[in-house]
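# Report on the structure
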Amino acid sequence: MSSMSSDFEQISDELFRASVPNLVGRIGQPTNVYFVGRRHGLLVDAGSDDGGVAVTEAIEHFGIDPPEKVILTHAHQDHAGAAMAIQQATGAERYLHPDATSTDVTGAQPLSAGQLFEAGPYRLTVIETPGHAVGHISLYEPGLKALFAGDLLSGFGTISIVPPAGSMRDYMASLHRVNEFEIDIIYPGHGPAIINGNERIDQYIERRESREREIFDAVASGLDTSEAVTALIYPEVQPNIQRAAEGTVRAHLIHLAEQGRIRVLDAGGGHPRYVACQKP
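In this text the structure is predicted, and so the values were computed from the model without any measurement. Throughout, residues of each chain are indexed from 1 in the direction in which the sequence is written. Given that the model is predicted, a residue must reach a pLDDT of at least 70 before its local features are reported, and side-chain atom pairs must reach 80 or more before they are shown or counted; all residues, however, enter totals for whole chains, interfaces and linings. To get the side-chain values, take all heavy atoms of the structure and skip hydrogens and water.

Note on classification: 1.4 Å probe, protein chains only; a residue is buried when its accessible area is under 20% of the maximum for its type, exposed when over 50%, partly exposed between these limits. In DSSP terms, a helix is any run of H or I states spanning at least four residues, a strand is any run of E spanning at least two, and both are numbered starting from the N terminus. Listed in full, the buried residues belonging to helix 1 (residues 53-62) are Val-53, Ala-54, Val-55, Ala-58, Ile-59 and Phe-62. The contact definition used throughout considers only heavy atoms, calling two residues in contact when any of these lie within 4.5 Å. Of the surrounding elements, those touching the buried residues of helix 1 are strand 1 (7-12), strand 2 (15-20), strand 3 (31-36), strand 4 (42-44) and helix 3 (83-90). Two residues or fewer past helix 1, Gly-63 is found with a positive phi of approximately 70°.

Shown next as structure tokens:
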């Protein structure tokens with residue numbers, strides 16, 4: 001098997017990126033995995049289950065040792081699918097937050113907030129950043145002022161938050177949490193690196209707050225289903241991201257209900273309806 005469309009980038013003498021083809025999902029954006037340290041190093045995320053081919057090719061391309069640890073930002077298959085194959089090929093230990101339950105990543109070592117990993121000249125600290133997925137984590141490197149963000153942010157645009165595993169309340173809290181760090185550059189799970197990290201995080205927060213106001217106004221105008229609100233908010237959504245768009249609208253509706261700004265009416269059959277309350 002060949003990774004075909006993988007591409008490789010040497011970021012510094014001890015930091016490397018490989019873009020691994022995405023074998024799951026409708027959107028199909030390649031997944032970035034990051035090699036930290038030439039010797040006794042670690043790998044941030046593993047990519048789709050290609051049998052570890054892309055990671056093996058990257059190791060050979062960069063001329064580095066196989067990683068001794070694989071740190072998974074979350075358990076989604078496009079990030080964790082190849083973790084077992086990489087462990088079997090290299091003996092690397094896998095690490096995953098215990099909240100990120102996945103039958104495909106059983107036996108991983110637990111991650112916790114503040115946990116420190118050293119590789120090459122770098123020191124990566126675990127930050128708990130749930131929202132896009134349960135048990136999602138990011139890693140902060142103070143020397144580079146860099147955030148390895150997984151799917152907290154994307155170089156391609158916004159992030160989908162799809163309940164029940166996705167939570168807008170948790171996602172917003174995670175954005176505020178990482179924004180307390182000084183971040184010059186963000187290395188996301190998808191897309192190019194993001195410069196002016198704190199500025200981009202501010203933009204993400206403002207975007208989600210603005211979208212939530214739009215959704216509240218839509219409900220206040222009488223639209224009472226997530227489908228109706230999605231049609232208004234995303235009138236030209238492409239079929240391959242329809243589920244993500246509606247899921248993110250539902251996440252906002254749940255967040256509004258948690259704040260007491262809307263009420264959820266049980267319409268039966270698993271199709272809730274929404275009604276606006278007075279603004280606090």
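By definition, a salt bridge exists where a carboxyl oxygen of Asp or Glu is found within 4 Å of a side-chain nitrogen of Lys or Arg. Across all of its chains, the model carries nine salt bridges by this definition. Close ionic contact of Glu-182 with Lys-145 constitutes a salt bridge, the shortest N to O distance being 3.0 Å. Of this pair, Glu-182 sits in the loop between helix 4 (168-178) and strand 12 (185-188) while Lys-145 sits in the loop between strand 10 (137-141) and strand 11 (146-150), and the two are 37 residues apart along the sequence.

Okay, the packing of helix 6 (residues 226-233) against helix 7 (residues 242-258) next. Two quantities define a packed helix pair, namely the angle between the axes and the distance from one axis to the other. Between N-to-C directions, angles span 0 to 180 degrees; the directions come from axes that are lines fitted to C-alpha atoms, helices contributing only their stretch in contact. Two elements in contact, helix 6 and helix 7, have axes separated by 9 Å at closest approach and are oriented at 115°. Between helix 6 and helix 7, the angle falls in the class roughly perpendicular. Crossing handedness for the pair helix 6 and helix 7: right-handed. Each of Ser-226, Glu-227, Val-229 and Thr-230 in helix 6 lies in contact with helix 7, whose residues at this interface are Gln-242, Ala-245, Glu-246, Val-249, Arg-250 and Leu-253. Partitioning the contact of helix 6 with helix 7 into residue classes produces four nonpolar, three polar and three charged. Here the angle decides the label: under 35 degrees means roughly parallel, over 145 means roughly antiparallel, 65 to 115 means roughly perpendicular, and every other value means oblique. Left-handed describes a crossing in which the near helix is turned anticlockwise from the far one by less than a right angle; the clockwise case is right-handed. Residues are grouped as follows: Ala, Val, Leu, Ile, Met, Phe, Trp, Tyr, Cys and Pro are nonpolar; Asp, Glu, Lys and Arg are charged; every other residue, Gly included, is polar.

Further remarks concern the packing of aromatic side chains. Classification of ring pairs rests on two measures: the distance between centres of Phe, Tyr or Trp rings, Trp counted by its six-membered ring, which must be within 6.5 Å, and the angle between planes, read as stacked under 30 degrees, edge-to-face over 60 and tilted in between. Per the counting criterion, the structure on display carries eight aromatic pairs. The interplanar angle of 70° and the centroid separation of 5.8 Å between the aromatic rings of Phe-8 and Phe-62 together place this pair among those described as edge-to-face. Within this pair, whereas Phe-8 is found in strand 1, its partner Phe-62 is found in helix 1, the two being separated by 54 residues in sequence. For Phe-8, a relative accessible area of 26% gives the class partly exposed. By relative accessible area, which is 9% here, Phe-62 ends up buried. Grouping aromatic residues by their ring pairs yields a cluster made of Phe-8, Phe-16, Phe-35 and Phe-62. Lysine and arginine charges are scored as sitting over a ring when NZ or CZ, respectively, is within 6 Å of the ring centre and within 35 degrees of the ring normal. If you follow Arg-261 out to its NZ or CZ, it ends over the ring of Phe-216, 4.1 Å from the centre.

The contact between helix 4 and helix 5 (residues 197-220) brings their axes to 9 Å, and the two run at 155°. Relative to helix 5, helix 4 is oriented roughly antiparallel. In terms of crossing hand, the pair formed by helix 4 and helix 5 is left-handed. Touching Met-168, Tyr-171, Met-172, Leu-175, His-176 and Val-178 of helix 4 are Ile-201, Tyr-204, Ile-205, Arg-208, Glu-209 and Glu-212, all from helix 5.

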